[in-house]
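Report on the structure
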Amino acid sequence: MIDREKAIEQLSQIKVKGNSDGLIPSFNVLVNFLPSYFWNSFSEKLLKQAGEDDKLYADIEEGLELAAAECGYHTGYGIITSEEFKSIVGPMIENEPEDILHGAFAVFTAWGWADAEITSLSREKMVVHVKDYYESDIRDTFAVKRPFGYMIRGVSRAFMDLGYGKPYPDGLGAHVCRQTRAIELGDEYGEFVVTQRA
Amino acid sequence: METQFIQRFDRRRNFQYVNDEPSVMHCHHYATLFTRLALQMRSLGGPELLARAMEENFYLVLKKYYIRYVTGSVEEKIRVAEDYFALVGMGSLSITFAPSGGKAEMRHSHVDEGWIEKWGRTDYPVNFMGNGYLAAVFALAAGRLVGGYRVEETESIVTGAPLSRFVITEKGGPA
């Protein structure tokens, strides 16, 4: 059983900044630490350019989610195999992969991606509720057509791939994620449902 | 004065902040796939939009930083901009500034090295995020608005060059 609050408290205190080469090599990837508005801003600009072209709009959405899925899969693997994760979350793990996934969502929150927590989990399906996420801030500047939580969708399905897919690095794409509630469209929280890809 | 990089976590929203800017850690997979998406959407001006998003955001981030911490010269603003780029993990930048334009070199680049790590070398530049950052730095140093400078990447780590080089020119109009 993961003590989520304790895990977030400790994981969120990990300090990250560039080395003498201006790079942040961590968790088997190069990390960047940019303003969250930057990521929203590019997505907004691109989707606005797509305008009423539904095919183009959908292609952009797919690209945004794919970016997050690959990020979530590779960085997620780096995180859950890291010394930091093992030392903070490792002692709380009783059941695998369930507790690892709960721990991964504590990292998800601690890194500032989203205040995301698994509310239901089985091998076939995972439901994630998100109280706050930076992507929902898009509502301040852009009336989106559809839910805008591309990053959370991609990372959530990637985490399920890590938990229940083929061993890394061959498991990416085994799951899909639908966003069924969206703060950016007026809901109180975001809801993300991950299932096996048909 | 050493460039400030104050990271804190806000438990109210569960957001990370760098120098009071809501910030988020992502990886080279994310940055390079955004870059590739920009290229795929070239018909919509994808590369320019990615550069513009970076320029607009860092124009504000650096402007707020300068107001708060920088009391000195243009040279200090440039040094802070170089430091800031490195501190957020985007690479090592060396800038030569003049109001009419200038140049920059990047000895390491998050985007280029991430791209090579993921897909190998290309024969075209991909560092649109770096372009946007430099445009913001020059506009601020010259006291101009966003959009005042054009940035061209003339050599790129991603193509096999030992470092990336950029030429920055003033677009014209009133300063």
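Residues numbered from 1 in each chain as written. Chains lettered and ligands numbered in written order. Predicted model: local features only at pLDDT ≥ 70, side-chain atom pairs only at ≥ 80, totals over all residues. Heavy atoms only, no water.

Section: helix 1 (residues 4-11) of chain A
Here helix 1 of chain A has its buried residues at R4, A7, I8 and L11 of chain A. The buried side chains of helix 1 of chain A occupy one side of the element, clustering within an arc of 95° when seen end-on. Elements in contact with the buried residues of helix 1 of chain A: helix 4 (83-88), helix 5 (98-110) and strand 3 (114-121) of chain A together with strand 1 (7-10) of chain B. (Buried < 20%, exposed > 50% of the residue type's maximum accessible area, 1.4 Å probe, protein only. Helix = DSSP H or I, 4+ residues; strand = E, 2+ residues; numbered from the N terminus. Arc of directions from axis to C-beta. Contact = heavy atoms within 4.5 Å.)

Quick notes on the pairing of strand 4 (residues 91-96) of chain B
All names here are of chain B. In this structure, strand 4 lies alongside strand 5 (residues 101-109), joined through six bridges in antiparallel fashion. If you follow S94 over to strand 5, its bridge partner there is E105. Between the end of strand 4 and the start of strand 5, which pair antiparallel, lie four residues. (Pairing = 2+ DSSP bridges.)

Focus: the pattern of salt bridges
Here the structure, examined in full by the defined rule, presents 25 salt bridges over all chains. Of the charged contacts, one joins R153 of chain A and E65 of chain A as a salt bridge, the two residues approaching to 3.6 Å between their closest N and O atoms. Of this pair, R153 of chain A sits in helix 6 (residues 150-164) while E65 of chain A is found in helix 3 (residues 54-80), placing the two residues 88 residues apart along the sequence. Several salt bridges converge on common partners, so that one network encompasses D132, D137 and R139 of chain A together with R13 of chain B. (Salt bridge = Lys/Arg side-chain N within 4 Å of Asp/Glu carboxyl O.)

A closer look at the sheet that holds strand 6 (residues 190-196) of chain A
All names here are of chain A. Overall, antiparallel pairing links the four strands, which are arranged 3-4-6-5 in an open sheet. The sheet is open, and its two borders are formed by strand 3 and strand 5 (175-181), each paired with just one other strand. Strand-to-strand, the axes of this sheet are offset by a mean angle of 25°, without reference to chain direction. Pairing between strand 5 and strand 6: six bridges, direction antiparallel. Pairing of H175 across the sheet is with Q196, part of strand 6. Sheet contacts for helix 5: strand 3 and strand 4 (125-133); angle to strand 3, the most-contacted strand, approximately 160°. (Axes fitted to C-alpha atoms, helices over the stretch in contact; angles between N-to-C directions.)

Things to note about the layout of surface pockets
All names here are of chain B. Of the pockets and cavities examined, the largest pocket occupies roughly 390 Å³. Considering the residues around the largest pocket, the lining is formed by 18 residues, among which P47, E48, A51, N131 and V151 are closest to the centre. For the lining of the largest pocket, the secondary structure elements donating two or more residues are helix 2 (46-69), helix 5 (128-141) and strand 6 (149-155). Take the lining of the largest pocket: its biggest share by element is five residues, from helix 2. Grouping the constituent residues of the lining of the largest pocket by class yields nine nonpolar, two polar and seven charged. (1 Å grid on protein atoms, 1.4 Å probe; cavity = no way out; pocket = protein on both sides within 12 Å on 5 of 7 lines; lining within 4 Å. Points joined across faces, edges and corners; volume = space filled by probe spheres on them. Nonpolar A, V, L, I, M, F, W, Y, C, P; charged D, E, K, R; others polar.)

A closer look at the interface of chain A and chain B
The partner chain B presents 51 residues to the 56 residues of chain A that form the contact. Across the interface of chain A and chain B, roughly 5100 Å² is buried in total on both sides, 65% from carbon and sulfur atoms. The three residues of chain A that bury the most area against chain B are F33, W39 and F42 of chain A, which together make up 14% of that side's buried surface. Our count for the contact surface shared by chain A and chain B stands at seven salt bridges. Among the salt bridges present, the one from K118 of chain B reaches E70 of chain A, with a minimum N-O distance of 2.3 Å. The tally of links between chain A and chain B comes to 26 residue pairs in polar contact (both at pLDDT 80 or more). Those elements that provide at least two residues to the side of chain A that touches chain B are helix 1, strand 2 (29-35), helix 2 (36-50), helix 3, helix 5 and strand 4 of chain A. With 12 residues, helix 3 of chain A is the largest single contributor of residues to the side of chain A that touches chain B. By residue class, the composition of the side of chain A that touches chain B is 30 nonpolar, 15 polar and 11 charged. Relative to strand 3 (residues 21-27) of chain B, strand 2 of chain A is paired through five bridges, and the arrangement is antiparallel. Bridge assignment links P35 of chain A to a residue of strand 3 of chain B, and that residue is S23 of chain B. (Buried area = accessible area lost by both parts, 1.4 Å probe. Polar contact = N/O pair within 3.5 Å; in protein donor to acceptor, adjacent residues only side chain to side chain.)

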